[in-house]
Amino acid sequence: MGPLNPPPLLESEDIAWFRDDESLPASARGAAAALARRLGFDELRCAEVALAVSEAASNLRKHAVDGALLLRVVRTEHDAGLEFVTTDEGPGMADVDRCLVDGSSSAGTLGIGLGAIVRLADAFDVHSLPGKGTVMSARFWTKDAGGRSAAPGEPVAAGLTRPITGETVCGDAWAARAVGGREHRPNPPAARQVTGRASSDGPLGWAALTGFRPEPERARPERAAQVHTGETGVPALLLMFCDGLGHGPLAHRAAQTAVTAFHDSLSETPEGVLTDMHKALRGSRGGAVAVVRVEASTRSLLFCGVGNVSTFVVDSDTDTRRALLSSPGIVGHQLPTLRAVRQELPRHGGVVMHSDGLTERWQPAALPGFLEHTPLVAAAQLLREAGIRKDDAGVAVLKGSW
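Owing to the predicted nature of the structure, the values given are computational and were not obtained by experimental measurement.

S.K.: Please explain unusual backbone geometry as it appears in this structure.
M.R.: As a rule of thumb, non-glycine residues mostly have phi less than zero, and peptide bonds are mostly trans rather than cis. For the bond running from glycine 90 to proline 91, omega is 10 degrees, close enough to zero to count as cis. Relative to the assigned elements, proline 91 resides in the loop between β3 (80–87) and α3 (96–99). Phi is positive for aspartate 66, which is not a glycine, with a value near 55 degrees. Summarising the element assignment, aspartate 66 is placed in the loop between α2 (43–63) and β2 (68–75). If you check the backbone angles, aspartate 319 has positive phi at about 55 degrees while not being a glycine. Note that aspartate 319 resides in the loop between β11 (310–315) and β12 (320–324).

Structure, rendered in structure tokens:
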């Protein structure tokens, strides 16, 4: 991937996790078909989605240990699609390419499952670590939207969340948005503000019906006026991760409020965005929040964080990582003095952000090749490797060749 110009992004919503038990293929297949119909897929495409999900779930039952399947909705400004992710704890595939060929099976079946998923999906990726486990993702659009939505390329940032055992919603959330091609200069505090969603009495368009949140139209000229920068011609990207305090619906509500404030903020700096989010989270449980601004033109990032969100810059060439440290505090309650720090980006590296629902003991060397895959599969591999069941878990990954 070259410079972000502009960075392709998808908004996503994690709908439901399915754990490995006898009912997994049937329950996941039915839920996927119902979700596809809600998104406007025709009957043929709904059947194809259901078949692919059924094959993936059946593979988990036949071959995997502690498998799980996640259904998600993904959105562009004009289209909505369906995505699934599978994770398991082994035994893994020693030769992934061979397993994707029809007729290859280790369970005495016809061996067409993975091959069928590849053929039916608009986007597919898999990363397997023999002896550890496998993660796989597949994305489906309507027939009309397939080419249009695939044209910008694979998203440069992705993440996923998993609620603590016993809950149906998660208190972790992430979001990303592009900002206009400018190098960072700190905004004066008086220039930072939060705006709400623009209201309209006209008919709802497809973007509103699918839940996609474009930037408020009225905010664009204000951003240009407020940010004192020099033009570089290359957009930057903001990535945010929030861990709402506690678990359950109130933590989920705080995290979603943080996502809304992130999108509505007029600031293009990590510390400015955090200030706006602090205002929006007052009266809620609050949370730990970290924001990074990636500037591809300078091969660097700016970071500012409050609370216990873990953030790492990973160098895939050396299998090393550098931690970016947050300040103590709670966004929405106790905001410390905010200072952004700049870090160089490795040429073939990425940024990882996660909650304390993942341990910090993971190391890139134990996950060979994970940043060679899509950000979603990289995030799922980290969740498989380091996720714990006794807390909400969430992870986001941004990667590229800078």
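Moving on from the coordinates now.
S.K.: Whenever I open this one, the packing of helix α1 (residues 24–38) against α2 confuses me. Can you help?
M.R.: A pair of packed helices is captured by two measures, namely the crossing angle of their axes and the spacing between those axes. Following both chains from N to C, one finds α1 and α2 inclined at 155 degrees, their axes separated by 8 Å at the closest point. Relative to α2, α1 is oriented roughly antiparallel. Two packed elements cross with a definite hand, and for α1 against α2 that hand is right-handed. Along the contact surface, α1 presents Leu24, Pro25, Ala28, Arg29, Ala32, Ala33, Ala36 and Arg37, while α2 presents Glu43, Cys46, Val49, Ala50, Leu51, Val53, Ser54, Ala57, Ser58, Leu60 and Arg61. Of the residues contributing to the contact of α1 with α2, the split by class is 13 nonpolar, 2 polar and 4 charged.

The rules behind the values
- Residues numbered from 1 in each chain as written.
- Predicted model: local features only at pLDDT ≥ 70, side-chain atom pairs only at ≥ 80, totals over all residues.
- Heavy atoms only, no water.
- Helix = DSSP H or I, 4+ residues; strand = E, 2+ residues; numbered from the N terminus.
- Axes fitted to C-alpha atoms, helices over the stretch in contact; angles between N-to-C directions.
- Parallel < 35°, antiparallel > 145°, perpendicular 65-115°, else oblique.
- Left-handed = near helix turned anticlockwise from the far one by under 90°.
- Contact = heavy atoms within 4.5 Å.
- Nonpolar A, V, L, I, M, F, W, Y, C, P; charged D, E, K, R; others polar.

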